[in-house]
Amino acid sequence: WPEEFDALKYIEAALRVMPVLKANLPILTFEELRLASDLVAAGQNHLFASWPPAGKQDADKKRFFAQVAQLNAKYPGGLKAYHTNAVKLLAEAKEGKNP
């Protein structure tokens, strides 16, 4: 992130798109919100579509973000790079360039 302010604007955009994330603000860390924003930006809104509000299934939500954080750390460039690469490979496959 170039600046913390930019990260906050990015998170605010995700909260506008996914009100269910806003309902879970009391239990989410800043890093979890950043990961959620990356997922929303990658079109993965469905991952949050059926989330209950804070206070319900919070342990499951924390396990989800622990797994996402691990994936983000292990893939070179993180989730954003993974998504970019996946989109590129799928487009190449569609064009017959990537068998």
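Novice: Outline the overall build of the protein, supporting the account with residue identities and numerical values.
Specialist: Tallying secondary structure elements over the protein gives five helices and zero strands in all. Counting helices and strands in the order they occur from the N terminus, the protein gives α-α-α-α-α. Counting across all 99 residues of the protein, residues that qualify as buried make up 29%. Taking as baseline every contact in the protein between residues at least 6 positions apart, the subset at least 24 positions apart corresponds to 52%. Counting every atom, the protein has about 6500 Å² of accessible surface; 59% of that belongs to carbon and sulfur.

Novice: So what's going on with the pattern of salt bridges? Which residues, and what values?
Specialist: With the rule as written, the count across this model stands at seven salt bridges. Close ionic contact of K62 with E32 constitutes a salt bridge, the shortest N to O distance being 2.7 Å. In this pair, K62 is assigned in helix α4 (residues 58–74) and E32 in helix α3 (residues 30–41), connecting sequence segments 30 residues apart. The exposure class assigned to E32 is buried, which follows from its relative accessible area of 11%.

Novice: Describe α4, and please don't skip the residues or the numbers.
Specialist: Along its 17 residues, α4 runs 24 Å from first to last C-alpha, staying within 8% of the 24 Å computed at 1.5 Å per residue. By the burial criterion, the buried members of α4 are K61, F64, F65 and V68. The arc enclosing the buried residues of α4, seen along the axis, measures out at 95°, which places them on a common side. Structural note: α4 exposes R63, A73 and K74 on the side pointing more than 90 degrees away from its buried face. Lining the buried residues of α4 we find α3 and α5 (78–94).

Basis of the calculations
Residues numbered from 1 in each chain as written. Predicted model: local features only at pLDDT ≥ 70, side-chain atom pairs only at ≥ 80, totals over all residues. Heavy atoms only, no water. Helix = DSSP H or I, 4+ residues; strand = E, 2+ residues; numbered from the N terminus. Buried < 20%, exposed > 50% of the residue type's maximum accessible area, 1.4 Å probe, protein only. Contact = heavy atoms within 4.5 Å. Areas by Shrake-Rupley, 256 points an atom, 1.4 Å probe, with all protein chains shown as cover. Salt bridge = Lys/Arg side-chain N within 4 Å of Asp/Glu carboxyl O. Expected span 1.5 Å × (residues − 1). Arc of directions from axis to C-beta.

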